[in-house]
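Reading the structure
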Amino acid sequence: MAEEVRLTVNGTRRTVLSDPQRSLLDVLREDVGLTGTKYGCGEGACGACTVLVDGKPVRSCMTPISEVAGQRVLTIEGLARGDRLHPVQEAFAEDGVLQCGYCGPGMILATVALLRANPRPTDAEIIEALNGHLCRCCAYPTILAAVRKAAARR
Amino acid sequence: MSAPPVDDLTRRDFLRVLGAGLLVTVVGCEASAQRGGGSREPAPIASRILLGEDGTVTVLTGKVELGQGARAEIMQATAEELRVPVERVRVIMADTDLVPNDGVTAGSRTTPGTVPAVRRGAAAARDVLIALAAGRLGVGAESLTVAEGAVLHPPTDRRVSFAELAALGSSSEALNAAIPEDVTLTPVAEWKTLGVSVPRPNARDLVTGAHRYASDLTLPGMLYGRVLRPPAYGARLTALDTAAAEALEGVIVVREGDFVGCAAPTLLQATRAVELLAKAASWETSPQPSNAELWEHLRAHAEAGEGEDNGVPTALAAANRTLAAEYHTAYLQHAPMEPGAALAEWKDDRLTVWLGSRDPFGTRGQLAEAFGLPAERVRVIIPDTGGGFGMKSGDFVGVEAARLAKAAGRPIRLQWTREEEFTWAYYRPAALIEVQAGLDANGSLVAWDFLNINAGGAAIGTPYAIPHARTQSRRSDSPLRGGSYRALAANANNFARECFMDELAEAAGADPLIFRLAHLQEARLRTVLETAVERFGWAERQASEGTGFGLACGTEKASYVATCAEITVDRERGTYRVERLCEVFECGAILNPDNLLSQVYGCIIMALGAVLREEMLFEDGRILNPRFSRYEVPRFADVPALDVHLLNRTDIDPAGGGETPMIAVAPAIANAVFDAIGVRIRDLPIELPQS
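Every chain is numbered independently, its residues counted from 1 as its sequence is written. To read the labels, note that chains go from A and ligands from 1, taken in the order they are written. Reporting in this predicted model follows two pLDDT cut-offs: at least 70 for local features of residues, and 80 or more for side-chain atom pairs to be given and counted; totals over whole chains, interfaces and linings ignore these cut-offs and use all residues.

With that settled, consider the overall build of chain B. Helix numbering and strand numbering both begin at the N terminus, where a helix is a DSSP run of H or I of at least 4 residues and a strand a DSSP run of E of at least 2. Looking only at helices and strands, one finds 19 helices and 26 strands in chain B. Computation of the radius of gyration draws on C-alpha atoms, with the globule rule given as 2.2 Å multiplied by the number of residues to the power 0.38. Taken over C-alpha atoms, the radius of gyration comes to 28 Å for chain B, in line with the 26 Å a tight globule of 691 residues would show. If one aligns the C-alpha atoms of chain B with their principal axes, the spans along those axes are about 80 × 80 × 45 Å. Any residue whose C-beta has 12 or fewer other C-beta atoms within 10 Å is treated as exposed, any with 20 or more as buried, and any in between as partly exposed, C-beta atoms being built from the backbone. Across the 691 residues that make up chain B, the buried fraction comes to 55%. What counts as a contact is two residues whose backbone-derived C-beta atoms lie within 7 Å of each other. Taking the contacts inside chain B whose residues are at least 6 apart along the sequence as the reference set, 76% of them involve residues at least 24 apart.

Following this line, the structure appears as C-alpha cells:
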C-alpha cells in the first residue's frame, strides 16, 4: 500500500506517495522525474545509482524509499549552481574524461563526497573511494586524473 | 512530475525548427533518407549536410554514439571541410526518419567509412557555396576561399557569409545536387579541425545528468514493461496461470504464444507481476551442455573441413622440430553500463522505438518484419547510448517493447535487468584454438597450422613470414549464443598466436623479441613493436624472483599494436598482479588524439578483464554468474601503470582505433607469467597453478 514519504531532494521538500518498498532509485526516476541517477546492476555492485543522502554516498537501487524519510537527497541534477558546474563536474566535463557517460553521475557524486571528507586524497585513497564504481568504457585513468584535478582546484 | 517527454520531431518539424531559408527541400530530404545505404545512387548533398539561415551547419549520420567518440569525429570532419568552427556544427545521429543509412556502428568502420563520406558531403557543400558566392560577387570561383563560415574574395576584401548564401533562393536546388565522386578533400597537412583534440560535444549534458539515454525517456501514459524469461536455455512453456499477476493493481499481462510479459505503472509493480508469472509457469527443459564439458563439446561439434593444404602437412613432416598447443578463451559478456532499453509507441499507424542499438536501419527492418509493417511506418531513434562494445541487446529489447506496447495500447519502456542482459543477450564466443608449427635447423619457422573452433576468423592470418601457413576458422554448436564483441575473435586468435610465438622462440633458443623480428616483414608492425620495447626498456629488464616480463604484437583492421607487460607473482597465494603495461598503437592519421587515447586506455583495461577474471559460467542451460558481483569486470584497483604511445602516420588514411588496441594485452601478460614462473598459460582468464 502506498504511504506518504517526506524527503528533501536537491534542496526541495517533497512528499511522495509510494509503496514503501520501492527503491529510492525508482522513485527518483519514475516519480520525481530525475533520470540522471542510473540503474546498472540492482545489487550495489556497480555504483551507477549512487546519490548522496545527508552527504553520504548511498546505492539508491538498494535503498527502500521508506529508509530516506526526512533525509536530504542530492542527485546529479542538484549539483550545479544554476549554470555554474560544480568543480568536480567541471573536471569531468573537460578533456573528454567520460566516454558513454552512464557511470558519470554516480562517479561524480562519490567524488564530491570523497573530496568533502578528504580534500587532498592520495591516489590510493581515490581508488579506494571509487573502486565500487564500474566504468565499462574503462575510462579509469582519465577519471583518476579528473579527480586529482578537481582536488587540486579546491 | 515526470521526466520531460522525448524529443518527438518529425522530419517536417525538424526542418521547420532549423529555420526558414534552409538550403534543402523537404521532399528532397525524405527521398534521400528513405533510399538507405544499400543504394549505389549518388546521394544529394542535402541528405548529409543542411545549412540554416543563421549559418549553422547540421550534419546527418546513421552512425550511433556509444561513447566511442563518433559524434565528435563527424562534427570535426564537417567543420574541417566547411571551414567553420566546430561549435557551429550540429550532429544529428541515428534517427531513421532523418538521417542517411550509414550501416551498423561496428567493425571500426566509422573512421575509415563514415568520416570520409561526411567529408565528401561537406566538401561538396563547400564547393556549392563557393559557386553561389562567385555568382553573387561576379568573380571567378578560383579567386575565392572559405574560412570561418564565409566565402572570401581576398583581392577585393569582400565576403559572403554562409547565412547570406543560405537565404538565396537558388541555394536549395544547388544543395540538392549529387555529391560528386571526385570532390576534393582537404589534405591531412592542411587539417585544422581534424587531427586535433576537440571536447566531447555533449560532455556538459553527461556530467549534469541532462543527457537522456533510451532508458531515461518517457511518454505520457507510459507503462513499465517486464518480460517473463525461461528458467533455462531451451526451456518451453507448457502451462501458465496469469490470474495472480493480473490481479495486481494496474498490471496488464500480455501473452502471445511463448512471449509473455507484463506492463505496470511502476517498475516494481511490473517486477512483482513477472515474479508471480514465473511462479505460475511450468516449463519443459532439455539437456544443455555445461561449462565443464565445453571444450569437448565444441571439438566434437566443430563443422568439418580441411582448409587449403598450402604444403603445410609436408612442411610439418619435414621440419626439424614441431610444437603443438591448444588454447582456450572463455565466453564473455560485454556488460555495457546501460543494459538494453527501449521505449516503444504506436501512434497514428506508425511504430516509433527509441532504444540502445548499434544499428538504426537494421533495427527498423527487424521491427517492420516482426509486425508486418512497411519500413516507412517504423521509426527508430537511437539516443547516445550507455556503452556497447559489440553488443546492445537493443535489437531484441526493441521488439519486446513494441510487442508489449501494441498489446497494452500504451507506450512501454522496457529495460532489461543486468541478469537478463547477462543471460539472454549474446556473448563473445568461447574459442578453442589448436595450433601446430615447425622450425627448421636454424630455428626459423617453416610451417604453421592454426585452427579456431567457434570464435571466428578475425585476425586469424599470421602476420609473420612463414613459407607454409594454413589458418582455418570453423563453427561449432555454441552452447551460448555468440555475437560480435570489441575486436571479436582477433582477441582469441592473437592470444593463441602470440603465446605460441613465445613457445616457439623458446624452442628455437631465441629471445621472444628477436624471434618475432626475424619473421616480421610488415614495416608498420615492426615499428610499433620496436617502439614499444624501447619505451618499456625490454633490453634492460632485470630478472628477479616473482617478476615476469612479456610482449606481444598484432594487426587487425589496418591498425597495428604492440604491448609489453610487467607482472609480479605471489606463488604462495597463487596470485599475480599486472604492474605495468606499455602499449604503442598506430592506425594511420589520427583524427582526435584525446579520443583515440581514451579508446586505447579503454581497450587495454577491457582486455585486462578477460585476463584477470571474466568468464561466463553455465550449467544445465543456466548462467551461474549473471551479475557484476560474480562476473567481475575490471575496477580502478586493477589498473596497472600505463604508458600508451600513439604513432601518428599522417601519410596513411585513418583507420578505426577502438578495437585493435585490445589484442596484444592478454598474450603479453600470459608471456610475462611464463617468464615469472616457467608455466605456459594457454587459457583465459589466467589462473595460476597452485604451488
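On we go.
All right, on to helix 4 (residues 123-130) of chain A then. All names here are of chain A. For helix 4, the full list of buried residues reads Ile-126, Ala-129 and Leu-130. All buried residues of helix 4 fall inside an arc of 85° around its axis, so they share one side. Of the surrounding elements, those touching the buried residues of helix 4 are helix 3 (104-117) and helix 5 (140-153). Read the arc as the range of directions from the helix axis to the C-beta atoms.

A few words on unusual backbone geometry. Residue and element names in this part refer to chain B. Geometrically, the link from Leu-684 to Pro-685 is a cis peptide bond, its omega value of -5° lying close to zero. Relative to the helices and strands, Pro-685 resides in the segment after strand 26 (683-684). Residues other than glycine seldom take positive phi values, yet Asp-157 does so here, at roughly 60°. Judged by local crowding, Asp-157 falls into the exposed class, with 7 C-beta atoms found within 10 Å. Phi is positive for Asn-310, close to 50°, though the residue is something other than glycine.

A separate point is the sheet that holds strand 6 (residues 158-161) of chain B. Residue and element names in this part refer to chain B. DSSP bridges decide pairing: two strands pair if at least two such bridges lie between them. The 3 strands are arranged 4-5-6 in an open sheet whose pairing can be described as antiparallel. Of all strands in the sheet, those bounded by a partner on one side alone are strand 4 (145-147) and strand 6. Between one strand axis and the next, the sheet turns by 30° as a mean value, whatever way the strands run. Here strand 5 (residues 150-153) pairs with strand 6 via 4 bridges, running antiparallel. Paired with Ala-150 across the bridge in strand 6 is Ser-161. Structural elements are reduced to axes, namely lines fitted to C-alpha atoms, with helices fitted over the stretch in contact, and the angle between N-to-C directions of any two is expressed from 0 to 180 degrees.

Let us now look at the nonpolar core. Each nonpolar core consists of buried Ala, Val, Leu, Ile, Met, Phe, Trp, Tyr and Cys residues. Their C-beta atoms, within 7 Å, join them into a set. Judged by nonpolar contacts, the single largest core of 265 residues is most densely connected at Cys-262, Ala-342, Ala-401, Val-665 and Ile-669 of chain B. Every residue in contact with Val-665 of chain B, bar those within four places of it in the chain, is listed here: Thr-563, Leu-581, Ile-604, Ala-607, Leu-608 and Val-611 of chain B.

This next bit is on the sheet that holds strand 16 (residues 412-415) of chain B. All names here are of chain B. Pairing in this open sheet of 7 strands is mixed, and the strands run 9-10-7-16-13-14-15 from one edge to the other. At either margin of the open sheet sits one strand with a lone partner, and together these are strand 9 (252-256) and strand 15 (378-381). Shown here is a sheet whose adjacent strand axes are inclined to one another by a mean of 25°, direction ignored. Here 4 bridges tie strand 14 (residues 350-355) to strand 15, and the two strands are oriented parallel to one another. Its bridge partner lying in strand 15, Thr-352 is registered against Arg-379. Sitting on the sheet, helix 9 (residues 267-279) touches strand 7 (223-227), strand 9 and strand 10 (259-264), and the angle it makes with strand 10 is about 145°. Running at roughly 145° to strand 15, helix 12 (residues 360-371) makes contact with strand 14 and strand 15 of the sheet.

Before going further, it helps to examine the interface of chain A and chain B. At the interface, 47 residues of chain A touch 48 residues of chain B. Elements with a contribution of two residues or more to the side of chain A that touches chain B: helix 1 (24-31), helix 2 (87-93), helix 3, helix 4 and helix 5 of chain A. Three residue categories are used. Nonpolar comprises Ala, Val, Leu, Ile, Met, Phe, Trp, Tyr, Cys and Pro, charged comprises Asp, Glu, Lys and Arg, and polar comprises the others, including Gly. For the side of chain A that touches chain B, a count of residues per class yields 25 nonpolar, 14 polar and 8 charged.

Turning to the packing of helix 3 (residues 70-82) of chain B against helix 4 (residues 110-137) of chain B, a few remarks are in order. All names here are of chain B. Put simply, helix 3 and helix 4 touch, their axes get as near as 8 Å, and they point 30° apart. Judged by the inter-axis angle, helix 3 sits roughly parallel to helix 4. Crossing of helix 3 over helix 4 shows right-handed handedness. Contacts between helix 3 and helix 4 involve Ala-70, Glu-73, Ile-74, Ala-77, Thr-78, Glu-80, Glu-81 and Leu-82 from the former and Thr-110, Thr-111, Thr-114, Val-115, Val-118, Arg-119, Ala-122, Ala-123, Ala-125 and Arg-126 from the latter. Of the residues assigned to the contact of helix 3 with helix 4, the class counts are 9 nonpolar, 4 polar and 5 charged. The scheme is simple: roughly parallel for angles under 35 degrees, roughly antiparallel for over 145, roughly perpendicular for 65 to 115, oblique for anything else. In this scheme the handedness of a crossing depends on how the near helix is turned from the far one: anticlockwise by less than a right angle means left-handed, clockwise means right-handed.

Before going further, it helps to spend a moment on the domain arrangement of chain B. Residues and elements named next belong to chain B. Residue ranges for the domains originate in an automatic or database domain assignment. Considered domain by domain, chain B is made up of domain 1 (11-199), domain 2 (216-285 + 335-424) and domain 3 (486-684). On a C-alpha basis, the centroid separation for the pair domain 1 and domain 3 is 40 Å. Counting from both sides, the interface comprises 16 residues of domain 1 and, opposite them, 16 residues of domain 3. Secondary-structure elements contributing two or more residues to the side of domain 1 that touches domain 3 are helix 3 and helix 4. If one sorts the elements of the side of domain 1 that touches domain 3 by residue count, helix 4 sits on top with 4 residues. Class assignment of the residues belonging to the side of domain 1 that touches domain 3 gives a composition of 6 nonpolar, 8 polar and 2 charged.

Our focus in this paragraph is the packing of helix 3 of chain A against helix 5 of chain A. Residues and elements named next belong to chain A. Two numbers describe how helix 3 lies on helix 5: the axes approach to 11 Å, and their chain directions differ by 40°. Here helix 3 is positioned oblique relative to helix 5, judged by the angle of their axes. Here the hand of the crossing between helix 3 and helix 5 comes out right-handed. Contact residues: Met-107, Thr-111 and Leu-115 in helix 3; Ile-143, Val-147, Ala-150 and Ala-151 in helix 5. In the contact of helix 3 with helix 5, the residues fall into 6 nonpolar, 1 polar and no charged.

Below, the discussion takes up the environment of Ile-130 of chain B. Residues and elements named next belong to chain B. Topologically, Ile-130 is positioned in helix 4. Residues Ile-130 and Leu-185, 55 residues apart in the sequence, show an inter-C-alpha distance of 15 Å. Residues within four places of Ile-130 in sequence aside, it is in contact with Ala-141, Leu-144, Val-146 and Val-151.

On to the confidence of the model for chain B. Summarising the model, chain B shows a mean pLDDT of 92, and 93% of its residues fall at 70 or more. Here residues 7-39 of chain B scores under 50 on pLDDT; set against residues more than four positions off or in separate chains, the count is 63 contacts. Confidence of the prediction at every residue is given by pLDDT, a number between 0 and 100.

This next bit is on the domain arrangement of chain A. All names here are of chain A. Assigned domains of chain A: these are domain 1 (3-78) and domain 2 (87-153). Centre-to-centre separation of domain 1 and domain 2, based on C-alpha positions: 21 Å. Taken together, the contact pairs 15 residues of domain 1 with 14 residues of domain 2. Sorting the residues of the side of domain 1 that touches domain 2 by element identifies strand 3 (50-53) and strand 4 (56-59) as the ones contributing at least two each.

If a strand is regular, its side chains alternate between the two faces of the sheet. All names here are of chain A. Sheet analysis places strand 3 next to strand 4, joined by 4 bridges and oriented antiparallel. Paired with Thr-50 across the two strands is Arg-59, which belongs to strand 4. Bridge analysis of strand 3 against strand 5 (residues 72-74) gives 2 bridges, and the strand direction is antiparallel. For Leu-52, the partnering residue across the bridge sits in strand 5 and is Leu-74.

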